[in-house]
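# A closer look at the structure
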Amino acid sequence: MPRAPAAMFGIVLGLSGLGTCWRLAHRLWALPAAVGEIILAAATVIWALLIISYIGKWLNARAEAIAELGHPVQCCFIGLIGGATMLIGNAVLPYCRPITLILFVCGLVFTLGFALWRTGLLWQGERQAADTTAVLYLPAVAGTFIAGTSAAGLGFADWGSLFFGMGFFTWLAIESVLLHRLYTGPQMAVPLRPTLGIQLAPPVVGAVTYLAVTPGLPSTLAHGMFGYGLFLSLLLIRLIPWIRQQPFAASYWAFSFGGTALAAVPMIMLLHGDSGAVAILAPILFVGANILVGVIAAGTVRLAATGKLFPKPPAPVPSVA
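In the nomenclature of an unreviewed UniProt entry, the protein corresponds to Dicarboxylate transporter/tellurite-resistance protein TehA from the organism Acidisoma silvae.

### Quick notes on the UniProt feature "transmembrane region" (unreviewed entry) in the protein
If you check UniProt for "transmembrane region" (unreviewed entry), the listed places come out as residues 29-52, 73-93, 99-123, 135-156, 162-183, 225-243, 250-271 and 277-301 in our numbering. Within the segment residues 135-156, helix and strand shares are 77% and 0% respectively, and the terminal C-alpha atoms sit 28 Å apart. Spanning residues 225-243, this segment combines 95% helix with 0% strand, and its end C-alpha atoms are found 24 Å apart.

### What to know about the nonpolar core
Core analysis: the largest hydrophobic core is formed by 94 residues, its most contacted members being Phe9, Tyr137, Ile198 and Val265. Not counting residues up to four positions away in its chain, the partners in contact with tyrosine 137 are Ala142, Trp171, Ile174, Glu175, Leu178, Ile198, Gln199 and Pro202.

### Structural notes on the pattern of salt bridges
In total, this model carries two salt bridges according to the counting rule given. Between arginine 23 and glutamate 37 there is a salt bridge, with the nearest N and O atoms lying 2.8 Å from each other. A residue pair is termed long-range when its members are at least 10 positions apart, and arginine 23 in helix H1 (residues 9-29) and glutamate 37 in helix H2 (residues 33-60) qualify at 14 residues. Take glutamate 37: its relative accessible area is 23%, and that puts it in the partly exposed class.

### Points about helix H9 (residues 220-238)
Compared with the 27 Å implied by 1.5 Å per residue over 19 residues, the 27 Å span of H9 between its first and last C-alpha is a close match. Considering only its buried residues, H9 is in contact with helix H7 (157-184), helix H8 (201-213), helix H10 (240-243), helix H11 (256-271) and helix H12 (277-305).

### Here's the deal with H11
In this model H11 runs 23 Å from its N-terminal to its C-terminal C-alpha over 16 residues, within 8% of the 22 Å that 1.5 Å per residue would give. Counting buried positions along H11 gives 15 out of 16 residues, so the element sits mostly inside the fold. Remark: glycine 273 follows H11 within two positions and exhibits a positive phi of approximately 95°.

### What about the environment of alanine 7?
Take alanine 7: it is sitting in the segment before H1. Sequence-wise, alanine 7 and alanine 254 are 247 residues apart; in three dimensions their C-alpha atoms are separated by 8.9 Å. With residues up to four places along the chain from it excluded, the contact list for alanine 7 reads Gln74, Phe77 and Leu80.

### Here we look at the packing of helix H5 (residues 97-122) against helix H6 (residues 137-153)
It is at 9 Å that the axes of H5 and H6 come closest, and there the two elements cross at 155°. The pairing of H5 with H6 is recorded here as roughly antiparallel in orientation. Considering how the two elements wind past one another, H5 and H6 form a crossing that is left-handed. Taken together, the residues of H6 that come into contact with H5 (itself represented by Phe104, Leu108, Thr111, Leu112, Phe114, Ala115, Arg118 and Thr119) are Pro139, Ala140, Gly143, Thr144, Ala147, Ser150 and Ala151.

### What to know about the environment of alanine 201
Inspection of the secondary structure assignment puts alanine 201 in helix H8. What makes alanine 201 buried here is its relative accessible area of 11%. Along the sequence, alanine 201 and methionine 269 sit 68 residues apart, while their C-alpha atoms lie 17 Å from each other. The contact partners of alanine 201, leaving out residues within four places of it in the chain, are Gly206 and Gly258.

### Let's talk about a nonpolar patch on the surface
On the surface, a nonpolar cluster with roughly 640 Å² of combined accessible area is contributed by Leu101, Val105, Val109, Phe156, Trp159, Leu162 and Met166. Among the secondary structure elements, those contributing two or more residues to the nonpolar patch are H5 and H7. If you trace the backbone, valine 105 turns up in helix H5.

### What about the packing of aromatic side chains?
Tallied over the full model, the rule gives twelve aromatic pairs. Geometrically, the ring pair formed by phenylalanine 168 and tryptophan 171 is edge-to-face, given 5.6 Å between the ring centres and 75° between the ring planes. One end of the pair, phenylalanine 168, and the other, tryptophan 171, are both in helix H7, three residues apart, so they sit about a helical turn from each other. For the pair shown, phenylalanine 168 and tryptophan 171 are each scored as buried. Three or more aromatic residues link up through ring pairs in this structure, and these residues are Phe145, Phe164, Phe168, Phe169, Trp171, Tyr210 and Tyr228.

### Notes on the side chain of arginine 193
Counting through the fold element by element, arginine 193 comes out in the loop between H7 and H8. Of the side chains bearing the opposite charge, aspartate 131 lies closest to the buried arginine 193, which forms no salt bridge; the N-O distance is 14 Å. Looking at arginine 193, its side chain comes within polar contact range of the side chain of glutamine 187, at 2.9 Å. From its side chain, arginine 193 meets the backbone oxygen of tryptophan 242 in a polar contact 3.1 Å long. Sequence-distant contacts of arginine 193, that is, excluding residues within four places in its chain, are made with Gln187, Met188, Trp242, Ile243 and Gln245.

What counts and how
- Residues numbered from 1 in each chain as written.
- Predicted model: local features only at pLDDT ≥ 70, side-chain atom pairs only at ≥ 80, totals over all residues.
- Heavy atoms only, no water.
- UniProt positions renumbered as here; feature names shortened; annotations may be inferred.
- Helix = DSSP H or I, 4+ residues; strand = E, 2+ residues; numbered from the N terminus.
- Core = buried A, V, L, I, M, F, W, Y, C linked by side-chain atoms within 4.5 Å.
- Buried < 20%, exposed > 50% of the residue type's maximum accessible area, 1.4 Å probe, protein only.
- Contact = heavy atoms within 4.5 Å.
- Salt bridge = Lys/Arg side-chain N within 4 Å of Asp/Glu carboxyl O.
- Expected span 1.5 Å × (residues − 1).
- Axes fitted to C-alpha atoms, helices over the stretch in contact; angles between N-to-C directions.
- Parallel < 35°, antiparallel > 145°, perpendicular 65-115°, else oblique.
- Left-handed = near helix turned anticlockwise from the far one by under 90°.
- Patch = residues over 30% accessible without salt bridge, like charges linked within 9 Å, V, L, I, M, F, W, Y side chains within 5 Å.
- Areas by Shrake-Rupley, 256 points an atom, 1.4 Å probe, with all protein chains shown as cover.
- Phe/Tyr/Trp six-rings, centres within 6.5 Å; stacked < 30°, edge-to-face > 60°.
- Lys, Arg positive; Asp, Glu negative; His and termini not counted.
- Polar contact = N/O pair within 3.5 Å; in protein donor to acceptor, adjacent residues only side chain to side chain.

Below, the structure is given as structure tokens:
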């Protein structure tokens, strides 16, 4: 089996997000339930294969795994493993709550452990500005938001609120760092530009978590986070010509989780009794999310067919004497 980089777990996040959107669409508009279940089943199979591949990397290519762990950018994608595991648990929940609970605990332990380890290193400084990208959100923000949604789905909304707080305030802190780097730092290297897609995720994934832990009509905060997500999505569309200077690669899955969460937020708001603007936006964004993931998935299949899906492993970071 190819030794897939941890960034490939972004495929699981994108497919899980789209499958969840179809589950919501079934409840809202009576669209076929089987579509969402098929997408979530595909996400589960890919997750299992990636888990096996990642464990195999540590067993059979330890130097490569250590190089990825020490890379200033690629290492953050390792944080996706915990979030992807909890999302697969969410997919299984209608069928087997005990399995969901096991996956939630495993994913949560990994998420918190890796987030604390990685954030502790970041707080020690000595980081190049060029390495500061939206991947910094992945260890502590994405994972804790997913943990909050998963906890609420299991009936632990009080714990979900705590995880929401972890993700929300960490997001605001990192957001200021990233925007300062984008405004004042050197132009982002071409291969890293697709990672800007991750910039969309925090406000909308956080809004999903907030709606999961707060019953009743959506509050102004939920609408505000959704609105910020809309603004970021339009900004990313404006930047497409600049981002696409990087030919299509699996890194474009960075757009998928935020894109599907953007579609999910107004659908969840409607299920919470909301109306007005979100009723207009929900079907438009749902169609957009399907197009987005469909295009990225088709490009990924094409890369796989031509043997170009798996990039070369990151070069070892030289140690400082």
